[in-house]
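Topology and contacts: notes
Listed below, chain by chain, are the residues.
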Amino acid sequence: MIGVIVTGHGNFATGLTSSVKLIAGSPENYVPVDFTQDKSTDDLERELREAIDLLKASCSGILIFTDLVGGSPFKVSAELSVELKDSVPIAVLSGTNLGMLVEGNMSRSFMEDLNDLADSLVETGKTQVIHYEFAAPAHEEPEDGDGI
């Protein structure tokens, strides 16, 4: 199974995790890591390392979901993925939404290729973003004629 770490600014990780639990039950091999205002990037790195260490023994790879590309959770995750590449495969995704996370959590038990799963989830994330606009149904008047 592929392990999951979710991280982001504020309570992004635990907030999304509460939604995942509501929708799909309590996930295994899954660690949320919040980056709250009282934490430094050193604290974040330490917590992410602890999460990776916890998962790497029982997982074939680790997928890290982050909130914003270029933000501290993304940067630290990306740096760790390079530094630790010889001990465990790590893929880092950014721009995480709930649809990606729910699908990833459900798919990771049967998808074995970390990069294929990551690519699939990027596509899922893209399809989950829409702009809904209400359009009233067009009312067409029947044409006058012989009714046939």
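Above this text you will find the structure in question.
Throughout what follows, the structure given in this document is the object of discussion. Every value quoted in this text rests on a predicted model; they were computed, and no experiment measured them.

Observations concerning helix α5 (residues 114-127)
- Between the first and last C-alpha of α5 there are 20 Å, a value that for 14 residues agrees with the 20 Å anticipated at 1.5 Å per step.
- Along α5, the residues that are buried comprise L114, L117, A118, L121, T124 and G125. Angularly, the buried residues of α5 cover 120° about the axis, an arc narrow enough to put them on a single face. When the buried face of α5 is taken as reference, the exposed residues oriented beyond 90 degrees from it are N115, D119, K126 and T127.

Points about the side chain of D34
- In this fold, D34 is placed in strand β2 (residues 30-35).
- In this structure D34 is buried but unpaired, with K39 as the nearest side chain of opposite charge at 6.1 Å.
- For D34, the side chain forms a polar contact with the side chain of N11, separated by 3.2 Å.
- Looking at D34, its side chain comes within polar contact range of the side chain of T14, at 2.6 Å.
- Setting aside residues no more than four positions away along its own chain, D34 makes contact with G8, G10, N11, F12, A13, T14, K39 and E47.

Brief notes about the sheet that holds β2
- As summarised here, the arrangement of the 4 strands in space is β2-β1-β3-β4, forming an open sheet in which the pairing is parallel. Every interior strand has two partners, whereas the edge strands, β2 and β4 (90-93), have only one. Averaged over all pairs of adjacent strands, the angle between strand axes in this sheet comes to 15°, irrespective of strand direction.
- Judged from the 6 bridges that link them, strand β1 (residues 2-9) and β2 form a sheet pairing that is parallel. Residue pairing across strands places V6 opposite P32, the latter belonging to β2.
- This element, helix α1 (residues 12-24), spans β1 and β2 of the sheet and lies at about 145° to β2.

Quick look at the pairing of β4
- Where strand β3 (residues 61-65) lies against β4, 4 bridges are found, and the strand directions are parallel. Note on β4: the bridge partner recorded for I64 is V92.

Here's the deal with the nonpolar core
- Grouped together as the largest cluster of nonpolar side chains are 18 residues, with contacts concentrated most on V6, L63, F65, L93 and L101.
- Put simply, the parts of the chain that give this core at least two residues each are β1, α1, β3, β4, α4 (98-107) and α5.
- Tallying contributions element by element places α5 first for this core, with 4 residues.
- If sequence neighbours within four positions are ignored, V6 has contacts with F12, A13, Y30, V31, P32, V33, F65 and L101.
- Counting 17 residues, the second largest nonpolar core, distinct from the first, contains I5, I52, L84 and I90.

Observations regarding a nonpolar patch on the surface
- On the surface, a nonpolar cluster with roughly 450 Å² of combined accessible area is contributed by I130, Y132 and F134.
- Inspection of the secondary structure puts I130 in the segment after α5.
- Among the residues examined, I130 registers a relative accessible area of 68% and is labelled exposed.

Remarks on the environment of S40
- By the element assignment, S40 lies in the loop between β2 and α2 (41-56).
- Since its relative accessible area comes to 33%, S40 is described here as partly exposed.
- Between the alpha carbons of S40 and S72 there is a distance of 9.6 Å; along the sequence they are 32 residues apart.

Some details on the pattern of salt bridges
- On inspection of all chains with the given rule, the structure shows 7 salt bridges.
- One salt bridge connects D53 with K56, and the closest N-O pair in it is separated by 3.6 Å. Pair noted here: D53 and K56 are both in helix α2, with a separation of 3 residues, about one helical turn.
- Bridged by salt links that share partners, the residues D43, R46 and E50 form one connected network.

Thresholds applied
Residues numbered from 1 in each chain as written. Predicted model: local features only at pLDDT ≥ 70, side-chain atom pairs only at ≥ 80, totals over all residues. Heavy atoms only, no water. Helix = DSSP H or I, 4+ residues; strand = E, 2+ residues; numbered from the N terminus. Expected span 1.5 Å × (residues − 1). Buried < 20%, exposed > 50% of the residue type's maximum accessible area, 1.4 Å probe, protein only. Arc of directions from axis to C-beta. Lys, Arg positive; Asp, Glu negative; His and termini not counted. Salt bridge = Lys/Arg side-chain N within 4 Å of Asp/Glu carboxyl O. Polar contact = N/O pair within 3.5 Å; in protein donor to acceptor, adjacent residues only side chain to side chain. Contact = heavy atoms within 4.5 Å. Pairing = 2+ DSSP bridges. Axes fitted to C-alpha atoms, helices over the stretch in contact; angles between N-to-C directions. Core = buried A, V, L, I, M, F, W, Y, C linked by side-chain atoms within 4.5 Å. Patch = residues over 30% accessible without salt bridge, like charges linked within 9 Å, V, L, I, M, F, W, Y side chains within 5 Å. Areas by Shrake-Rupley, 256 points an atom, 1.4 Å probe, with all protein chains shown as cover.

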